Amino acid sequence: MRFLVINGPNLNLLGVREPDIYGKQDYAALLDFLQKSAEEAGVEIRCFQSNHEGAIVDEIQAALGNCDGIVINPAAYTHTSVAILDALKAVAIPAVEVHLSDVSARESFRQISYAGMACIKTIMGLGFQGYRQAILFLKDYLEKQA
Ligand code: DQA
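For clarity, every value in this text was computed on a predicted model and none was experimentally measured. Within each chain, residue numbers correspond to sequence positions counted from 1 in written order. A pLDDT threshold of at least 70 governs which residues receive local features in this predicted model, and a stricter bar of 80 or more applies before side-chain atom pairs are shown or counted, although totals over entire chains, interfaces and linings include all residues. The side-chain numbers reported here are obtained from all heavy atoms of the structure, hydrogens and water having been left aside.

What to know about the overall build of the chain
For the purposes of this entry, the term helix denotes a DSSP run of H or I that reaches at least four residues, the term strand denotes a run of E that reaches at least two, and both are numbered from the N terminus. Along the backbone of the chain there are 5 helices and 5 strands. For the chain, the N- to C-terminal ordering of α and β elements is β-α-α-β-α-β-α-β-β-α. Our radius of gyration is a C-alpha quantity, and the globule rule it is checked against amounts to 2.2 Å times the number of residues to the power 0.38. Here the C-alpha atoms of the chain give a radius of gyration of 14 Å, agreeing with the 15 Å that 2.2 N^0.38 yields for 146 residues. For the chain, the spread of C-alpha atoms along the three principal axes comes to 40 × 30 × 25 Å. We call two residues in contact whenever any of their non-hydrogen atoms come within 4.5 Å of each other. Sequence separation of 24 or more characterises 76% of the internal contacts of the chain that already satisfy a separation of 6 or more. His is not counted here, nor are the chain ends, while Lys and Arg score as positive and Asp and Glu score as negative. Note on charges: their place is set at NZ of Lys, CZ of Arg, CG of Asp or CD of Glu. Seen as two clouds, the 12 positive and the 17 negative side-chain charges of the chain have centres 3 Å apart.

What follows is the structure, given as structure tokens:
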């Protein structure tokens with residue numbers, strides 16, 4: 001099984017960026033954690049981070065025919081991007097939405113998730129562990145579909 005893991009804007013600044021909210025570990029540590037989680041699950045992953053909405057749309061489109069599942073933290077684009085929602089719907093690859101923080105307990109402008117409307121599950125507030133749970137959930141989901 002091959003999964004695409006997408007991280008949106010400012011997640012490259014993990015560790016520096018609001019550590020009280022997003023933690024003290026940096027993006028390289030997240031990549032290490034993702035690789036270990038993929039090995040644990042016995043799946044292959046490709047990780048992609050961009051600060052640009054269109055680049056994320058391009059990456060989702062490029063996943064068509066190349067990957068079985070998508071784990072996505074669209075970051076701020078979660079709350080604004082119909083383009084990312086439409087791309088996820090267009091490729092129809094099972095996707096799980098992840099947020100490091102508990103978005104549900106934050107500002108009102110974070111209470112809408114467009115990307116989440118195209119996802120089979122949302123995991124929030126668990127830090128890096130949320131990505132691990134997303135990978136394990138997707139694997140289980142796809143095995144049950146087969
Ligand atoms: C985030 C939550 C978003 O509201 C925010 O804009 C982010 C990160 C999270 O992982 O908690 O950039 O997606």
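Picking up where we left off.
Considering unusual backbone geometry
We note that glutamate 18 has phi near 35 degrees; this positive angle belongs to a residue other than glycine. In this structure, alanine 92 takes a positive phi of about 55 degrees despite not being glycine. Counting through the fold element by element, alanine 92 comes out in the loop between helix 4 (82-91) and strand 4 (95-99). Only protein chains enter the accessibility calculation, which uses a 1.4 Å probe. A residue is then buried if its area is under 20% of the maximum for its type, exposed if over 50%, and partly exposed in between. Judged by relative accessible area, alanine 92 falls into the exposed class, the value being 61%.

Remarks on the environment of proline 9
Relative to the helices and strands, proline 9 resides in the loop between strand 1 (2-7) and helix 1 (19-22). Judged by relative accessible area, proline 9 falls into the buried class, the value being 7%. With residues near it in sequence (within four places) discarded, proline 9 still touches Arg17, Gln49, Ser50, Asn51, Ile56, Pro74, Ala75, Ala76 and Tyr77.

Considering the site of the ligand
In these notes, residues near a molecule or strand are those with any non-hydrogen atom within 4 Å of it. Contacts to the ligand come from Arg17, Tyr22, Asn73, Ala75, Ala76, His79, His99, Leu100, Ser101, Val103 and Arg110. Any pair of N or O atoms that falls within 3.5 Å is considered a polar contact. Within protein, one atom must be able to donate a hydrogen and the other to accept it, and sequence-neighbouring residues count only if both atoms are side-chain atoms. Between the ligand and the protein, one listed contact pairs an oxygen atom with a side-chain N or O atom of histidine 79 at 2.7 Å. For the ligand, an oxygen atom lies 2.8 Å from a polar atom in the side chain of histidine 99. All accessible areas in this document rest on Shrake-Rupley with a 1.4 Å probe, and a residue is counted as covered only by the protein chains that are shown. Contact with the protein chains covers 98% of the free accessible surface of the ligand, which is 320 Å². When the residues that make up the shell around the ligand are grouped by side-chain class, the tally is 5 nonpolar, 4 polar and 2 charged. Classes in brief: Ala, Val, Leu, Ile, Met, Phe, Trp, Tyr, Cys and Pro nonpolar; Asp, Glu, Lys and Arg charged; the others, Gly included, polar.

Note that all results are geometric; they support no functional claim without further evidence.
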